[in-house]
Structure formats: C-alpha cells, structure tokens
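A structural walkthrough
The lines below spell out each chain.
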Amino acid sequence: MAIRSARNGAKKQSSPLGNNKNFWQRLYKDRYLLLLFLPCLVYYIMFKYVPMWGVLISFKDFKPFIGFAGSKWVGWKHYINFFSNPDARRVIRNTLLLGIYSLVWCFPFPIIFALALNEVTRTKFKKFVQTVSYMPHFLSAVVVCGMIVNFLSPIRGIINIMIKACGGEFINFMSISGWFRTIYVASEIWQSMGWGAIIYLAAISNVDPQYYEAAKLDGASRLRQIWSITLPCIAPTVTTMLILRVGSVLEVGLEKVLLLYSPAIYETADVISTYVYRQGLISGNMSYASAVGLFSAVVNLILLVSANYVSKKFSETGLF
C-alpha cells in the first residue's frame, strides 16, 4: 500500500495538469516583473526578429515597385558578386583591423581604470573622476566627431598647435589614410573607458573584504592583492565581456566612421557598415547590400559561438 501511495503521489506531481498550474501560479506571482520586461520583449520582436524575414532579399533581385514577393529569386548571385568585387577585400580587411585594434586596445582600458579607481580612498575625488569619465559616453557621435575634427584641424586644431610649438609641421590628420585607425581607436578609448568600467567596479565591489584582510596579514602589497585576489574574482565578468566583444568584431560603429571618413581615406576607413550604407541607401542596390550585411552578421555569430566554446573549454565560463 505504501508503494502504491508513493507511485500515485509521483504521478500527481509529474502530471501535466499540475505542472501547468504551477506555471500559471509563478506567472501570476511575477506579473509585475514580467510587465516591466514586456517593452523590452516587444522591442526585440518588432525590431530584431521580425526584420530577419527581410534577409531573403539578399537571395532575390529586389525591385521596390514589384515588391518582395514579385522579385526574382537569384540565389547566391549577390554573394558571388561581392566576393568577386575588388572592394570586398578592402572593406573586410579594414573592418577586421579596426575591430581587432578596438578589441586589443579598448577592452583592457576599462578594467585597468576600474582597478585604479577602486584604489582611490577619497570619496569626493572618486565620484568626480567617475562622473567626468562617464560623460563622453553620453555625447552623440556627431558631437564627438565634431570635437575630433576641431582638435585635429590642420590650422587651428589644438594638436597641430602643440606640434608647431614643438618645432614640427602642421599635419592634415583627416586627409591621411594612415592616421584614421589611430584616431578611431583613441576616440573609442576616450568615449567608452569610463562607461565600460561600471561593470567591473560592480564586480569588484562584490569581492569579499575578508580576502584582502587575510592578504594584508600575510604581508601582500596592494599590487599583489590586485593580482591574486581582485583579478581572479572578476575573471568570470571579464570573460563574459570578452566573449561579447569578440562576437561584435565586425560591428564597427557606422556613425563615427561615416562622420570621420572621406573618399580620400577609403583605403583604410571604408568598412562593411559604410559600404552597406553606400550600396543600399545611396546606390539603391538593396539586395546586394543585404547580402553583405548578412555575411557580416554570420561571421559575428561564428566568432561569438567560437569564443564561447573556447571559454567554456578552458575556463568553464560562457554565455550559453
């Protein structure tokens, strides 16, 4: 009888009706949190998932007057045209280099800045530095690029004035292709360092203070404490942010590049996003531009999955 009762109880617990009841109870219990999440869900459905249907035009010879359904199916034609185009090698190379340079230089700076800011003991000074470092993130791309152009002006720019004061000659930075990547990466560091440090400061604040007290008793210096305690404790956060950054290597900012580049420096400044913009909106080759954009998205997805796989294999930390 006891065995039969246990079996009946197990059947009742595992019945679909009971599971559905528990599901609706949890749903009702978390209704306010789900209501807060609803705008985010609607946004992603409307602007991220629904537009994915439009990538099919990369396999069609899309004509706006004929419509999506009436356009001729051409298969891989636009992809073949892109890879056979001499511009393809240039834009892929420029995008990869800018993405890699941004990853190598822009990713470590917020971590270093957060570690340094965490060592500041004066609260007012710390808050002031934090506020000043956050401000560039809230400036629009137009304002940032306008400041860069003014600073690098060949006649009245502050950088050229300093070069002239040191005995050098004026340099027209914005017209020399070799300077573009340096300008872009430096401006990215300045604009994103303070904002990116917020996540790492939050991770550092969760480190147990007893670890530092024990390290002090053992005679560890501040640098030794950072190396042996702080960095290992925030390693999962660093790994997660690195995976996300690797997955967006080809997503070089369209706005900043578009506002800073010119035909004179296409050799180093023209990237996939600006190439898609010119081909799709200016030239009207929507199917061709969609094919190039889909290629970039697929490569980013491959990089993201690969980085996540490598991270889980060696550090047991991953996004999924």
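Residues numbered from 1 in each chain as written. Predicted model: local features only at pLDDT ≥ 70, side-chain atom pairs only at ≥ 80, totals over all residues. Heavy atoms only, no water.

A short note on the packing of helix α4 (residues 77-84) against helix α16 (residues 286-315)
Where α4 contacts α16, the two axes come as close as 9 Å, and the packing angle between them is 75°. If you check the angle between α4 and α16, you find them roughly perpendicular. Each of H78, Y79, N81, F82 and F83 in α4 lies in contact with α16, whose residues at this interface are S287, Y288, A291, V292, L294 and F295. Split by residue class, the contact of α4 with α16 holds eight nonpolar, three polar and no charged. (Axes fitted to C-alpha atoms, helices over the stretch in contact; angles between N-to-C directions. Helix = DSSP H or I, 4+ residues; strand = E, 2+ residues; numbered from the N terminus. Parallel < 35°, antiparallel > 145°, perpendicular 65-115°, else oblique. Contact = heavy atoms within 4.5 Å. Nonpolar A, V, L, I, M, F, W, Y, C, P; charged D, E, K, R; others polar.)

Considering the side chain of N308
Relative to the assigned elements, N308 resides in helix α16. Those residues in contact with N308 that lie beyond four places of it in its chain are I243, G318, L319 and F320.

Brief notes about the packing of helix α5 (residues 86-106) against helix α15 (residues 272-282)
Relative to each other, α5 and α15 sit at 140°, their axes nearing to 8 Å. Judged on the interaxial angle alone, α15 and α5 are oblique. Judged by residue contacts, D87, R90, V91, I92 and T95 of α5 engage I272, Y275 and R278 from α15. Within the contact of α5 with α15, the residues separate by chemical class into four nonpolar, one polar and three charged.

Re the nonpolar core
Among the nonpolar cores identified, the biggest contains 21 residues, and F180, Y184, V257 and Y261 are the most heavily contacted of them. Listed by contribution, the elements that provide at least two residues to this core are α5, α8 (141-151), α10 (180-205), α13 (254-260) and α14 (266-269). Among the elements that take part in this core, α10 stands out by supplying five residues, more than any other. Among all residues touching Y184, those that are not within four sequence positions of it are L98, S102, V252, G253, K256 and V257. Among the nonpolar cores identified, the runner-up in size contains 19 residues, and A114, L115, Y134 and I243 belong to it. (Core = buried A, V, L, I, M, F, W, Y, C linked by side-chain atoms within 4.5 Å. Buried < 20%, exposed > 50% of the residue type's maximum accessible area, 1.4 Å probe, protein only.)

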